[in-house]
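# Structure assessment
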Amino acid sequence: MPAELPVTDRTRHRRLRDQGRLARTDLEAILDAGFVCHLGVVVEGHPMVVPTVYGHDGADLFLHGSVASRSLAADPEAAVCVTVTHVDGLVLARSVFEHGVNYRSAMIHGVPRRVTDPEEKLRGLRLLTEHATPGQWDYARRPSRKELAATTLLALSLAEASVKTAVGPPDDGDGPDAELGVWAGNLPLTATWGAPVPDPLLPAGIAPPPHIAGRSGTQQG
């Protein structure tokens, strides 16, 4: 993959161009920071946005496509759009008009392909599992042949993507509203992993493994 994202008609930044990013490292950082995306598809003539988990290898995005598979079966060349967004806080200005959000977002465009090769499907599911919970693939039981056959996995190329980020304080600090005497600034938002909660049916004496317990208290994203 080239170090810079290509500019296409679908990825061109037409509004707030200063928030646009073209470095592929920015795209990968946004993907690395999360594990839930939204898959936009058209199913039987109606738009549908499906939240699902994902993983990536820098070249392809792997995601569950069980709902979207109906559309892909009817039109395997149908384009989709996948989005990943992280909200980093509110931007609270002196006027409501200047309020905003600090965020990191990515949109990936393309035609996904259904992964059917057993080895690639296993690799994709491993990427997906390890992306959400590193260490879990080698800890839990892996999928059986029956489970693999019942699983739909999609691969979407990361070749065409658009990235935008917004950071910083409000924009009205040097304008007429600065004299209003109204507080303005940022209200940061962070997500932190809590302590593991055992399954009520889990036998006594089985403690969470280090790769799970160690995430407690750490920041997500």
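So, here is what we can say about the structure in this document. Because the structure is predicted, anything quoted here is derived from the model rather than measured.

### Some details on the nonpolar core
- Leu 27, Leu 31, Leu 39, Leu 61, Leu 63 and Val 82 are the most contacted members of the largest nonpolar core, which has 22 residues in total.
- Of all the elements, strand β2 (residues 36–43) adds the most residues to this core, at four residues.
- Not counting the four nearest positions on each side in its chain, Val 82 is found in contact with Cys 37, His 38, Leu 39, Leu 61, Leu 63, Ala 106, Met 107, Ile 108 and Leu 156.
- Among the nonpolar cores identified, the runner-up in size contains eight residues, and Phe 62, Val 115, Leu 125 and Leu 153 belong to it.

### Quick word on the environment of Val 163
- Residue position: Val 163 is located in strand β9 (residues 161–166).
- Classification of Val 163 as buried rests on a relative accessible area of 0%.
- Taking the C-alpha atoms as reference points, Val 163 and Gly 135, separated by 28 residues in sequence, lie 29 Å from one another.
- In contact with Val 163, not counting residues within four places along its chain, are Leu 5, His 13, Gln 19, Gly 20, Arg 21, Asp 26, Leu 27, Ile 30, Ser 105 and Ala 106.

### A short note on the side chain of Glu 120
- By the secondary structure assignment, Glu 120 is in helix α3 (residues 118–132).
- The class of Glu 120 is buried, set by a relative accessible area of 19%.
- A polar atom in the side chain of Glu 120 sits 2.5 Å from the side chain of Arg 113.
- In this structure Glu 120 touches Phe 62, Arg 113 and Val 115, once residues within four positions along its chain are discounted.

Calculation notes
- All chains use their own residue numbering, which begins from 1 and follows the written sequence.
- Where local features are concerned, this predicted model is filtered to residues with pLDDT of at least 70; where side-chain atom pairs are given and counted, the filter is 80 or more; whole-chain, interface and lining totals use all residues.
- By convention in this description, side-chain values take in all heavy atoms of the structure and omit both hydrogens and water.
- Only buried residues count toward a nonpolar core. Its members are Ala, Val, Leu, Ile, Met, Phe, Trp, Tyr and Cys residues joined through side-chain atoms within 4.5 Å.
- A 1.4 Å probe rolled over the protein chains alone gives each residue an accessible area, and that area as a share of the maximum for its type sets the label: buried under 20%, exposed over 50%, partly exposed in between.
- A helix here means a DSSP run of H or I that spans at least four residues, while a strand means a run of E at least two residues long, and both kinds are numbered starting from the N terminus.
- Should any heavy atoms of two residues lie within 4.5 Å, those residues are counted as being in contact.
- The term polar contact refers here to a pair of N or O atoms within 3.5 Å; inside protein, the definition further demands a hydrogen-donor-capable atom paired with an acceptor-capable atom, and it admits residues adjacent in sequence only when both atoms are side-chain atoms.

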